Amino acid sequence: MRKLMLQLHLWIGLTAGGVLAVVGLTGSLYVFQPELTVALYPELYKASNPDAKLVDVRVVVKNAEAEFGGEVTSIFFPVRELGNYIVKVRGNKQFLFFDASTGAYLGQMEKRRGVMDGILDLHRHLTIGENGALITGTSALLLAFVLLSSGLYLWMPRKKRNLRDGLRLKANASFKRRNYDLHNVFGFYFSIPLFLAAITGAYFGFQEKAQGVVDTITMAKEPTPYVKKLRSSSQAGKPSLNVYQVLDYMDGLYPAYVPRTLTLPADSIGTVNLTYMASKNLEAGPQNRPMVYLDQYSGSIVYDYNPNTAPIGRKITRNWFVPIHFGEIGGVITRILWFFLGLMPALLWITGIIIWRGRGKKKRKGYVITGRHVTA
């Protein structure tokens, strides 16, 4: 059994470990995405007058449509790190920034969070789209269910007196021993956070299937709708709701919550998407974020995710998985811990390669000696 576990741990670690190293390092950076985005683009993300009352979003919509000559199709409200409004106008691929206190145009970017969106794309898709998501999601599953379980099995000492060797870095050790201790000790201490990050990361890679598994485990009465498959009813000749009408719906649906995003459909069958937050600030703990999908013609609700009344399976994935994955679950303390957690896959991969190469050299030396005896 030990030999089998060692081979599984070795070869899956060598192959999936490289992907996990990239995912982990980019994840470490993205933990502090809110602060880094503001630091990189203060002229767009910082509010010019944080204490001023927010200008009505309809003023921003009018200014954007007058300035760029098209219908506003998306709105990002001033929440979390964003101190201003962002809108998108039909026919224009740029994200357009408007001052939250005056409604004046500030500037534009090709990506909403600039370089941080590139880091997120690398983290989730390795910059190669759905194939990349398949690779990162599979690697996350291998980490959660193969690498960690086999690693913990191999970590368990065969003698009780050696238990403490797996819990500390040996003082005054050789390079080989220190490298082994780094792999062994850090792998043990970070095993539970790594499992949480891996299992929530796999959810984002296989969202529909993962939600189905969670629904089955929690015995949901009906499956969770997959939002990418939601459709508006066919109403020939009836115009779609415009952004002002959708804003009226948005104001009435969750008045106790803060609007976060509004997105009109890109085609004639898509739905209008509205999202909300419990607070405009960066939240710790479970994140209660209502999400509503409306028929683009009638305004009727196609799907309404209410974080307070939803089935337990949906609450687990929607309320808990995002803050767990990005380290926001415990506020600043877990975000700092998650920053170091993201470094662990690279550390474990590199130290694992060094251990493997060292054992390979030892075996090759042993083979030569044995060969001489056989020859003799």
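See the structure printed just above.
Now for a look at the structure at hand. (Residues numbered from 1 in each chain as written. Predicted model: local features only at pLDDT ≥ 70, side-chain atom pairs only at ≥ 80, totals over all residues. Heavy atoms only, no water.)

### A word on the packing of aromatic side chains
Inference 1: Applying the stated criterion to the full structure yields 18 aromatic pairs.
Inference 2: Taking 6.3 Å as the distance between ring centres and 25° as the angle between the ring planes, the aromatic pair formed by Phe 186 and Phe 190 counts as stacked.
Inference 3: Assessed through its relative accessible area of 27%, Phe 186 is described here as partly exposed.
Inference 4: For the ring pair Tyr 254 and Tyr 276, a centre distance of 5.2 Å and an interplane angle of 55° mean the geometry is tilted. In this pair, Tyr 254 is assigned in the loop between helix 10 (243-253) and strand 5 (258-263) and Tyr 276 in strand 6 (residues 271-277), connecting sequence segments 22 residues apart. Exposure class is identical for Tyr 254 and Tyr 276. Each is buried.
Inference 5: Chaining the aromatic ring pairs together yields one cluster made of Phe 32, Phe 339 and Phe 340.
Inference 6: Across the ring face of Phe 204, the terminal group of Arg 124 is positioned such that the distance to the ring centre comes to 5.2 Å.
Inference 7: Lying over the aromatic face of Tyr 305, Arg 318 brings its terminal NZ or CZ to 5.5 Å of the ring centre. (Phe/Tyr/Trp six-rings, centres within 6.5 Å; stacked < 30°, edge-to-face > 60°. Buried < 20%, exposed > 50% of the residue type's maximum accessible area, 1.4 Å probe, protein only. Helix = DSSP H or I, 4+ residues; strand = E, 2+ residues; numbered from the N terminus. Lys NZ or Arg CZ within 6 Å of the ring centre and 35° of its normal.)

### With respect to the pattern of salt bridges
Inference 1: Applying the stated rule across the entire model yields eleven salt bridges.
Inference 2: In this structure, the salt-bridge partner of Glu 81 is Arg 80, at a minimum N-O distance of 3.8 Å.
Inference 3: With its nearest N and O atoms 3.2 Å apart, the salt bridge here joins Asp 181 to Arg 177. Taken together, the positions of Asp 181 and Arg 177, both in helix 7 (residues 175-189) and four residues apart, correspond to about one turn of that helix.
Inference 4: For Asp 181, a relative accessible area of 0% translates into the label buried. (Salt bridge = Lys/Arg side-chain N within 4 Å of Asp/Glu carboxyl O.)

### Looking at helix 5 (residues 115-125)
Inference 1: Taken together, the buried positions of helix 5 are Met 116, Asp 117, Ile 119, Leu 120 and His 123. When helix 5 is viewed along its axis, its buried side chains cluster within an angular range of 155° and face the same direction.
Inference 2: Backbone geometry just downstream of helix 5 places Leu 126 in the positive-phi region, at approximately 55°. (Arc of directions from axis to C-beta.)

### Brief notes about the side chain of Thr 261
Inference 1: Of note, Thr 261 is situated in strand 5.
Inference 2: Taking relative accessible area as the criterion, Thr 261 reaches 14% and is therefore assigned buried.
Inference 3: Within polar-contact distance, the side chain of Thr 261 engages the side chain of Thr 275 at 2.4 Å.
Inference 4: Setting aside anything within four residues of it in sequence, one finds Thr 261 in contact with Ile 75, Phe 76, Phe 77, Met 250, Asn 273, Leu 274 and Thr 275. (Polar contact = N/O pair within 3.5 Å; in protein donor to acceptor, adjacent residues only side chain to side chain. Contact = heavy atoms within 4.5 Å.)

### Structural notes on the pairing of strand 2 (residues 85-89)
Inference 1: Most of strand 2 sits out of view: four of its five residues are buried.
Inference 2: Bridge analysis of strand 1 (residues 72-76) against strand 2 gives four bridges, and the strand direction is antiparallel. Paired with Phe 76 across the bridge in strand 2 is Ile 86.
Inference 3: Where strand 2 lies against strand 3 (residues 95-98), three bridges are found, and the strand directions are antiparallel. Counterpart to Tyr 85 in the pairing with strand 3 is Phe 98.
Inference 4: Where strand 2 folds back onto strand 3 in an antiparallel hairpin, the turn is made up of five residues, including Gly 91, whose phi is positive at roughly 90°. (Pairing = 2+ DSSP bridges.)

### Details of the side chain of Ser 74
Inference 1: Here Ser 74 shows up in strand 1.
Inference 2: The contact partners of Ser 74, leaving out residues within four places of it in the chain, are Ile 86, Val 87, Lys 88, Leu 262 and Thr 263.

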